[in-house]
Amino acid sequence: MTEGTVASWLKQVGDTVKEGDILAEIETDKATMEFESFNAGTLLYIGIKEGESAPVDSVLAIIGPAGTDVSAYTSGAPAPAAAAPAKEETAAPAAKEEAKEEAATETVTTADGGRVFVSPLARKIAKDKGVDLSKVKGTGENGRIVKKDVENYTPAAAAAPAPAAAAPAKETAAAPAAAPVYTPVGEVATEEVKNNQMRKVIAKRLGESKFSAPEYSLTIELDMDNAIASRTVINSVPDTKVSFNDMVIKACAMALRKHPQINTQWKDDVTIYNKHISIGVAVAVEDGLVVPVLKFTVMMSLSQIGAGVRDLAGKARNKKLTPAEMDVSTFTVSNLGMFGIQEFTSIINQPNSAILSVGAIVQKPVVKNGQIVVGNTMTVTLTCDHRTIDGATGAQFLQTLKQYIENPVTMLA
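These figures come from a predicted structure and were not determined experimentally.

### A short note on the overall build of the protein chain
At step 1: Each helix and strand in the protein chain was counted, giving 9 helices and 19 strands.
At step 2: Sorting the 413 residues of the protein chain into buried and exposed places 39% on the buried side.
At step 3: Nonlocal contacts in the protein chain, meaning residues at least 24 apart in sequence, comprise 57% of its contacts between residues at least 6 apart.

### Observations concerning the pattern of salt bridges
At step 1: Within this structure, the stated rule accounts for 10 salt bridges.
At step 2: One salt bridge in this structure joins glutamate 215 and lysine 210, with 2.9 Å as the shortest N-O distance.
At step 3: A relative accessible area of 23% places glutamate 215 in the partly exposed class.
At step 4: Given a relative accessible area of 41%, lysine 210 falls into the partly exposed group.

### Some details on the packing of aromatic side chains
At step 1: Under the definition given, this model contains 2 aromatic pairs.
At step 2: Relative to phenylalanine 38, the ring of phenylalanine 35 lies with its centre 5.9 Å away and its plane at 75°, an arrangement referred to as edge-to-face.
At step 3: Assessed through its relative accessible area of 29%, phenylalanine 35 is described here as partly exposed.
At step 4: Using a relative accessible area of 64% as the deciding quantity, one classes phenylalanine 38 as exposed.
At step 5: With 5.7 Å between their ring centres and 50° between their planes, phenylalanine 331 and phenylalanine 397 make a pair best called tilted.

### Regarding the sheet that holds strand β13 (residues 279-281)
Pairing between the strands of a sheet is mediated by backbone hydrogen bonds and can be parallel or antiparallel.
At step 1: One open sheet accounts for 6 strands, arranged β10-β19-β18-β17-β13-β16; its pairing is mixed. Both edges of this open sheet fall to β10 (215-223) and β16 (293-294), since each of them pairs with a single strand only.
At step 2: In this structure, β13 lies alongside β16, joined through 2 bridges in antiparallel fashion. Its bridge partner being in β16, isoleucine 279 is matched across the sheet by leucine 294.
At step 3: Here helix α9 (residues 391-406) sits on the sheet and contacts β10, β17 (331-335), β18 (354-368) and β19 (371-385); the angle it forms with β10, its principal contact strand, is near 25°.

### Digging into the packing of helix α7 (residues 244-258) against α9
At step 1: Their axes nearest at 9 Å, the elements α7 and α9 cross at an angle of 135°. For the element pair α7 / α9, the angle class is oblique. In the packing of α7 onto α9, the handedness of the crossing is right-handed. Residues Val248, Ala251, Cys252, Met254, Ala255, Leu256 and Lys258 of α7 pack against Phe397, Thr400, Leu401, Tyr404 and Ile405 of α9.
At step 2: Grouping the constituent residues of the contact of α7 with α9 by class yields 10 nonpolar, 1 polar and 1 charged.

### A short note on the environment of threonine 32
At step 1: Inspection of the secondary structure puts threonine 32 in strand β4 (residues 32-36).
At step 2: With a relative accessible area of 5%, threonine 32 lands in the buried category.
At step 3: Sequence separation between threonine 32 and alanine 316 is 284 residues, and the spatial gap between their C-alpha atoms is 9.9 Å.
At step 4: When near neighbours in sequence (up to four residues on either side) are disregarded, threonine 32 contacts Ala7, Glu25, Ile26, Glu27 and Lys319.

### Things to note about the environment of leucine 43
At step 1: Take leucine 43: it is sitting in strand β5 (residues 41-46).
At step 2: Since its relative accessible area comes to 1%, leucine 43 is described here as buried.
At step 3: Residues leucine 43 and glycine 64, spaced 21 residues apart in sequence, show a C-alpha to C-alpha distance of 6.8 Å.
At step 4: Excluding residues that lie within four positions of it along the chain, leucine 43 makes contacts with Lys11, Gln12, Val13, Gly14, Asp15, Val17, Ala61, Ile62 and Ile63.

### Focus: unusual backbone geometry
At step 1: A cis amide bond links glutamine 350 with the next residue in sequence, proline 351, at an omega value of 10°.
At step 2: Looking at where proline 351 falls in the secondary structure, it is placed in the loop between β17 and β18.
At step 3: Phi is positive for aspartate 57, which is not a glycine, with a value near 80°.
At step 4: Its location among the elements puts aspartate 57 in the loop between β6 (53-55) and β7 (61-64).
At step 5: At phenylalanine 296, a residue that is not glycine, the phi angle is positive and equals roughly 55°.
At step 6: With respect to the secondary-structure elements, phenylalanine 296 resides in the loop between β16 and α8 (302-317).
At step 7: Judged by its relative accessible area of 46%, phenylalanine 296 falls in the partly exposed class.

### Quick word on helix α5 (residues 197-212)
At step 1: In this model, α5 (16 residues) spans 22 Å end to end at C-alpha, consistent with the 22 Å of a helix rising 1.5 Å per residue.
At step 2: Among the residues of α5, those classed as buried are Gln197, Met198, Val201, Ile202, Gly207 and Ser209.
At step 3: Each element contacted by the buried residues of α5 is listed here: β1 (3-9), β3 (22-27), β6, β14 (283-285) and β15 (288-290).

Each value, and the rule that gives it
Residues numbered from 1 in each chain as written. Predicted model: local features only at pLDDT ≥ 70, side-chain atom pairs only at ≥ 80, totals over all residues. Heavy atoms only, no water. Helix = DSSP H or I, 4+ residues; strand = E, 2+ residues; numbered from the N terminus. Buried < 20%, exposed > 50% of the residue type's maximum accessible area, 1.4 Å probe, protein only. Contact = heavy atoms within 4.5 Å. Salt bridge = Lys/Arg side-chain N within 4 Å of Asp/Glu carboxyl O. Phe/Tyr/Trp six-rings, centres within 6.5 Å; stacked < 30°, edge-to-face > 60°. Pairing = 2+ DSSP bridges. Axes fitted to C-alpha atoms, helices over the stretch in contact; angles between N-to-C directions. Parallel < 35°, antiparallel > 145°, perpendicular 65-115°, else oblique. Left-handed = near helix turned anticlockwise from the far one by under 90°. Nonpolar A, V, L, I, M, F, W, Y, C, P; charged D, E, K, R; others polar. Expected span 1.5 Å × (residues − 1).

Printed below as a string of structure tokens:
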């Protein structure tokens, strides 16, 4: 992490802070993390406003005795004026109450039957101003509408009248009440949306991978009939839930043990052979993509892999992954089969040397024992860094993977 973004402040200037209190939520490239105060005192200065980004080691806030002049430490920024004692007594509780309302979340049902998440303070301001919350874009966590969103909201200009102004009244009534998504024909319109920290890091890392690693891809089709039957038997055991993706991850771990060249990393003067096997699992989240890691995957059972993937995926979608849960993968699996994608190619997740792209299981005519029958197949694609993995080595890995997935009982040996 070299840069962070303040997602929200839970304390305001003038608030009393105890050691361990949550000051703010910081958005890194992979997750939103709570920032705890290491000191007790009064919050005297906020250096980075909500939505702003700054490099690591920038001044986030200053905490100290109430009334302290901190202007000398804020790069010339004037210190907050010290209020008279009589005013502090009345203003401080009000400020605390406002901060409390801003940190809470309510669910509001809009006129069109939709639901929005909003802080109580933002809801009050919207009611006073007559702002329709369904039209406001929330910038808080998970799209929550906060105070600044309502204060900065500007109603869109009225839509231009339709060319068919003299159309029958019943046609006008049938038109949707919401503003159209697209602009009228003949108008050019754009909107700039600031890239968040996750999207910027994804762009940087994938660019580095794509333009630095001489990659190639190998594709193979797998017969999934036995895997389907085996999964049905496994999931018949009470409290057991195993997905096809879990079976692929297990098969990859065992194949990596037989083909250590795939489990490597390239450096300019050496090739690193990882003696451990830890598989990263690509998870799509609202703002992009994260890769939580199953540590020491080869030692895990299918049910342990399934439970681990569900736990990490849930944390990823709630932005609760820790750096330790996203570190030190030696191989990556990306599965878009649940979206109906039959075949695709992924960009290598550096510093890994390879990534496996898993497609959907499809039914189609296949030839078995000289007869055309209905079969279930799945296509997987291995993308390799040619600096560490030659084509024949990648092909041998896929052959081993094929044997494991087509005969799941062999993974129990």
